Amino acid sequence: MGADTLSGDPKLERIAKGNALALCATGTWTASFAPALERMVADAEKLAGSPQNIFIDVSEVAKLDTFGAWLIERLRRSLTKGAVEAQIAGLSANYSSLVDEVRRVRATPVVESSAITITGMLEQIGRAVAGVGGTFAGLIDMLGAVLAAGAHVLLHPRSFRLTSTVHHMEQVCWRAVPIIVLITFLIGCIIAQQGIFHFRRFGADIFVVDMLGVLVLREIGVLLVAIMVAGRSGSAYTAELGSMKMREEIDALRTMGFDPIEVLVLPRMLALVLALPILAFLGAMAALYGGGLVAWLYGGVDPEAFLLRLRDAISIDHFIVGIVKAPVMAAVIGIVACVEGLAVQGSAESLGQHTTASVVKGIFFVIVMDGVFAIFFASIGM
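Residues numbered from 1 in each chain as written. Predicted model: local features only at pLDDT ≥ 70, side-chain atom pairs only at ≥ 80, totals over all residues. Heavy atoms only, no water.

1. Details of helix α4 (residues 93-103)
Note the threshold: In this scheme, a residue with accessible area under 20% of its type's maximum is buried, one over 50% is exposed, and one in between is partly exposed, where area comes from a 1.4 Å probe on protein chains only. Secondary structure elements follow DSSP: runs of H or I no shorter than four residues count as helices, runs of E no shorter than two count as strands, and numbering proceeds from the N terminus. In this description, one arc is meant: the one made by directions from the helix axis to the C-beta atoms.
Of all the positions in α4, only Y95, V99 and V102 are classed as buried. Down the axis of α4, the buried set is contained in an arc of 55 degrees. They therefore lie on one face.

Structure, rendered in C-alpha cells:
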C-alpha cells in the first residue's frame, strides 16, 4: 500500500482486466481535494470512445461527499458513448444513496445559437399569443374570485376586514395626495404654457382655457393619476403579495381555513377603487389651478376671466366622464397587481420580474381602457 493511500490523497488508476478497463478510485474524494480530483477526472475523460467496457471501481474510496460523487457520475456519463456504457462498481451501502441522488440530476442541455428561421419566428409569435391568452385568463379568474369574495362578504358582513381596508386606504389615498397633487399641478402648468405659446400666434390666448378644462377633466387628469397609482400602489401590492408567497404565508392562511382572496386581495381592491376617484378629483383641481396660475402670470389672462371662460367651456358631463373612468381603472390596476403578486415563485428574481410586469401591464391596460371609454362616450354623445 503506497504512501498516497495511507495519507488519504485521492488516486485514479487504470487497470486492464481482459477486454475491460477498470478505473480504480482510492483515497478521499471530497471537496478538500478538488483541484487534484478535477485533473484526474479530466485525464480519465480522454478515454471516451474506447471500444472496451469501462468499470469505475470505488470500493477503495475512504471518504466521499457530494462533490466527489458528482465527479464520479460525471466521469461515468463522459465515458458512456453509444453501445459502451461505463459502470460504477464496488459502491458501499454508505455512499450508494448519495451517488443515486447525484445520478438523478439531469445535465443542463447546451443551448446552441441557431440561425433565425421563419419557423422559429412563427413559434415565437405563437408563444407570445399564448402568453397573452394566459394573461387574460388569469385576469378573468382573479376578477371572478374577487367578485365571489365580495358576495361572501355581503352575505356575511362580519367577515369584512374594515381595519385592513382603512389601512390600505391610508397607504393608497392619503399618503399619495402630495405627489399626485404636485405632479398634476406641474402638468397643468405645462399644458397652459404650451397652449398659450402656440395660440398666441393666432391671437387666441383665451382658448387655452377651453383646452385645459376639457383635457384635464376628461382625459389627462384621470389617466395621469391612474398611471401614477399603477406605478406606486400597483407595484406595492405585487411586492407585498409576492413576499407573502415567498415566505409561504399565503399557504399558511389556506391551512388555517382562510381565503387569501378575501383576506388579502379584497381589502386592497376596495381601497384602490375608493381611492382613485378621490385622487383623480384632487389631481384635476390641482391641474386646473396650475393652468390658471400660468395663464395669469405668463399669458396675462385675469383669474376672473379664466373662471368665466372655464365655466362656459366645460359642463358636468366632462367631470362625469373623468370620474366614471376612475374606479374601473382602479379595478384593472388592482387585479393586474394581485395576479402578478400571487404568481411570484420562491426567488428574489421572480419577485422583481413580476413587480416590473405588474407596472407595465397595469399602465398598458389603463391606456387601453381609456381608449375604450373614449369610443364609448363618443358613441353616446358625451
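2. A look at the nonpolar core
How we decide: Only buried residues count toward a nonpolar core, which is a set of Ala, Val, Leu, Ile, Met, Phe, Trp, Tyr and Cys residues joined through side-chain atoms within 4.5 Å. For this analysis, residues touch if any pair of their heavy atoms sits within 4.5 Å.
One finds L12, L23, W29, L64 and L75 to be the most contacted residues of the largest nonpolar core, which totals 25 residues. For this core, the secondary-structure elements that each account for two or more residues are β2 (20-29), α2 (34-44), β3 (53-64), α3 (66-79) and α4. Discounting residues that sit within four places of it in the chain, W29 has contacts with P10, K11, L12, L37, V41, V61, K63, L64, D65, G68, L71 and I72. If you look at the next biggest cluster of nonpolar residues, it comprises 24 residues, including L223, A226, A280 and V366.

3. Regarding the pairing of β3
As a reminder, the rule being used: Whether two strands pair depends on DSSP finding at least two bridges between them.
When β2 meets β3, the two strands line up parallel, connected through 9 bridges. In the sheet register, G27 faces β3, and the bridge partner there is V61. Across 3 bridges, β3 lies against strand β4 (residues 87-89) in parallel orientation. Pairing of F55 across the sheet is with Q87, part of β4.

4. Points about the side chain of E262
We count it as follows: Residues scored as charged are limited to Lys and Arg (positive) and Asp and Glu (negative), so that His and the chain ends carry no count. Any carboxyl oxygen of Asp or Glu that lies within 4 Å of a side-chain nitrogen of Lys or Arg is treated as forming a salt bridge with it.
If you trace the backbone, E262 turns up in helix α10 (residues 260-297). This buried residue, E262, is left without a salt bridge; R161 holds the nearest opposite charge, at 5.8 Å. Aside from chain neighbours lying at most four places away, what touches E262 is A149, H152, V153, S159, R161 and P267.

5. Let's talk about the packing of helix α8 (residues 207-246) against helix α12 (residues 316-342)
For the record, the criterion: The axes are straight lines fitted to the C-alpha atoms, using for helices just the contacting stretch, and the angles between their N-to-C directions are given from 0 to 180°. Each angle gets one of four labels, with under 35 degrees taken as roughly parallel, over 145 as roughly antiparallel, 65 to 115 as roughly perpendicular, and the rest as oblique. Each helix crossing is assigned a hand: it is left-handed if the near helix lies turned anticlockwise from the far helix by less than a right angle, otherwise right-handed if that turn is clockwise. Amino acids are sorted into nonpolar (Ala, Val, Leu, Ile, Met, Phe, Trp, Tyr, Cys and Pro), charged (Asp, Glu, Lys and Arg) and polar (every other residue, Gly among them).
Packing of α8 against α12 brings their axes to within 8 Å, and their N-to-C directions diverge by 20 degrees. On the basis of the axis angle, α8 is roughly parallel to α12. For α8 against α12, the interelement crossing comes out right-handed. When grouped by side-chain class, the residues that make up the contact of α8 with α12 number 16 nonpolar, 6 polar and 5 charged.

6. Here we look at a nonpolar patch on the surface
The condition is simple: A patch is a set of surface residues, each over 30% in relative accessible area and not in a salt bridge, joined within 9 Å for like charges and within 5 Å for the nonpolar side chains Val, Leu, Ile, Met, Phe, Trp and Tyr. Areas reported as accessible are Shrake-Rupley estimates using a 1.4 Å probe. Residue values count occlusion only from the protein chains shown.
Judged by side-chain polarity, I116, I118, M121, L122, I125 and V129 come together as a nonpolar surface patch covering roughly 680 Å² of accessible area. Examined against the element boundaries, V129 turns out to sit in helix α5 (residues 118-155).

7. Section: the UniProt feature "transmembrane region" (unreviewed entry) in the protein chain
Cut-off, in case you're wondering: UniProt positions are given in the numbering used here, feature names are shortened, and annotations may be inferred rather than shown by experiment.
Within the UniProt annotation, "transmembrane region" (unreviewed entry) is assigned to residues 128-154, 174-192, 204-230, 269-298, 319-343 and 363-381. Secondary structure content for residues 204-230 is 89% helix and 0% strand, while the C-alpha to C-alpha distance between its ends is 37 Å. A distance of 27 Å separates the end C-alpha atoms of residues 363-381, which is 89% helix and 0% strand.

8. Here's the deal with the pattern of salt bridges
Taken as a whole and assessed by the stated rule, the structure comprises 14 salt bridges. Across the pair E13 and K11 runs a salt bridge, and its minimum N-O distance is 3.0 Å. Classification of E13 as partly exposed rests on a relative accessible area of 36%. Ionic pairing is found between R247 and E249, a salt bridge with its closest N-O pair at 2.7 Å. Here R247 falls in the exposed class, since its relative accessible area comes to 56%. By sharing partners, the salt bridges in this structure join E38, E45 and R74 into a single network.

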